[in-house]
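Listed below are the residues making up each chain.
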Amino acid sequence: MTATAADLVAALAAEAEPQRAVGQSGFFKTGAGQYGEGDRFLGVSMPALRRLTKPFVPLPLDQVDILLDSEYHEHRSAALIILVAKARNDPASVADFYLAAVYRGRVNNWDLVDLSAEFILGEYLFDRPRDILFELARSESLWERRVAIISTFGFIKHGDPSTTLEIAEVLLSDKQDLIQKAVGWMLREVGKRVDPAILTGFLDAHAARMPRTALSYACEHLTPEQRAFYRAQRRG
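This one's a predicted model, so the numbers in the text were calculated from it and none came from an experiment.

Draft legend 1. Local environment of the overall build of the chain. For the chain, the helix and strand inventory stands at 16 helices and 0 strands. Its C-alpha radius of gyration of 19 Å places the chain within 12% of the 18 Å reference for a compact globule of 236 residues. Projected onto its principal axes, the C-alpha positions of the chain cover 65 × 40 × 30 Å. By residue count, 53% of the 236 residues in the chain fall in the buried class. Across the chain, every contact between residues at least 6 apart in sequence was considered, and the portion connecting residues at least 24 apart equals 69%.

And the structure:
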């Protein structure tokens with residue numbers, strides 16, 4: 001018998017821990033006015049989620065869509081784990097499917113973005129035009145903007161920091177803390193994985209107007225003297 005989304009939903013329900021769900025709801029800011037408002041959790045750990053999802057990678061995309069449209073965070077996480085696996089064999093179709101999910105608001109928390117964007121869009125767009133990422137970076141949606149910058153992690157891992165730097169400039173004045181963290185994180189990875197001089201060159205040009213959080217994340221692997229220097233630039 002062919003597996004369905006309902007089978008995976010049942011497997012996840014059997015692993016649910018209500019007390020863990022309470023903690024997850026707080027951690028992912030699901031209260032009124034918070035970024036994860038209204039999200040619901042089953043209380044399944046990520047190791048268990050990955051283990052339970054692995055046999056369901058062959059699910060057809062219409063079944064994956066059912067998971068993406070679920071109110072439960074773990075169902076959407078499972079769908080994205082499946083899409084990342086499918087992208088290795090059919091990157092173009094999965095990238096289109098993923099973008100549709102992003103646009104309809106189903107990749108809607110920082111962990112969902114982070115477990116999927118670089119592996120789906122980052123890998124697919126590496127040797128293709130990247131215009132869509134700049135459109136996402138200018139979106140009013142917090143999650144679309146985070147998808148834009150986190151997708152560039154795929155390029156960084158291939159030694160190409162160019163789009164990371166360009167999108168970081170677009171997002172430099174973004175007021176959302178989750179965007180500041182993502183921008184700083186990606187800049188830090190440029191320095192760590194590609195060339196520290198590229199990072200410090202960016203900071204020389206932009207540190208004075210970078211949000212505090214982004215600057216702190218970007219400088220994390222620099223020397224204490226360098227961190228103090230760039231913090232002073234911002235204060236100045």
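Draft legend 2. Region of interest: the pattern of salt bridges. Using the criterion set out here, one finds 16 salt bridges in the structure. Asp174 is paired through a salt bridge with Arg145; the nearest N and O atoms lie 2.6 Å apart. Here Asp174 is found in the loop between helix 12 (162-170) and helix 13 (177-193), whereas its partner Arg145 is found in helix 10 (residues 142-151), with 29 residues between them in sequence. Each member of the pair Asp174 and Arg145 is classed as buried. Between Arg188 and Glu220 there is a salt bridge, with its nearest N and O atoms 2.5 Å apart. Taken together, the residues Arg188 in helix 13 and Glu220 in the loop between helix 15 (212-218) and helix 16 (224-235) connect sequence positions 32 residues apart.

Draft legend 3. Quick peek at the side chain of Ser139. Residue position: Ser139 is located in the loop between helix 9 (131-137) and helix 10. For Ser139, a relative accessible area of 16% corresponds to the buried category. A polar contact is formed between the side chain of Ser139 and the side chain of Glu144, at a distance of 2.7 Å. For Ser139, the contacting residues outside a window of four places in its chain are Glu144 and Arg145.

Draft legend 4. Representation of helix 3 (residues 46-53) within the structure. Residues of helix 3 that are buried include every one of Ala48, Leu49, Leu52 and Thr53, and no others. Projected down its long axis, helix 3 carries its buried residues within an arc of 125°, all on one side. Among the structural elements, helix 1 (5-14) and helix 5 (73-87) are those in contact with the buried residues of helix 3.

Draft legend 5. Broad picture of helix 5. The terminal C-alpha atoms of helix 5 lie 21 Å apart, and with 15 residues this matches the ideal 21 Å at 1.5 Å per residue to within 8%. A large share of helix 5 lies buried, amounting to 15 of its 15 residues.

Draft legend 6. Quick look at the packing of aromatic side chains. Evaluated as defined, the whole model comprises 8 aromatic pairs. Measuring from centroid to centroid gives 5.0 Å for Phe27 and Phe28, while their planes differ by 90°, and the two rings are edge-to-face. The exposure class assigned to Phe28 is buried, which follows from its relative accessible area of 10%. Where Phe27 meets Trp110, the ring centres are 6.0 Å apart and the plane angle is 70°; that geometry is what we call edge-to-face.

Draft legend 7. Summary view of unusual backbone geometry. The residue Lys29 is not glycine, and still its phi comes out positive at about 55°. You can see Lys29 is positioned in the loop between helix 2 (18-27) and helix 3. Using a relative accessible area of 35% as the deciding quantity, one classes Lys29 as partly exposed.

Scoring rules and cut-offs
Residues numbered from 1 in each chain as written. Predicted model: local features only at pLDDT ≥ 70, side-chain atom pairs only at ≥ 80, totals over all residues. Heavy atoms only, no water. Helix = DSSP H or I, 4+ residues; strand = E, 2+ residues; numbered from the N terminus. Rg over C-alpha atoms; globule rule 2.2 N^0.38 Å. Buried < 20%, exposed > 50% of the residue type's maximum accessible area, 1.4 Å probe, protein only. Contact = heavy atoms within 4.5 Å. Salt bridge = Lys/Arg side-chain N within 4 Å of Asp/Glu carboxyl O. Polar contact = N/O pair within 3.5 Å; in protein donor to acceptor, adjacent residues only side chain to side chain. Arc of directions from axis to C-beta. Expected span 1.5 Å × (residues − 1). Phe/Tyr/Trp six-rings, centres within 6.5 Å; stacked < 30°, edge-to-face > 60°.

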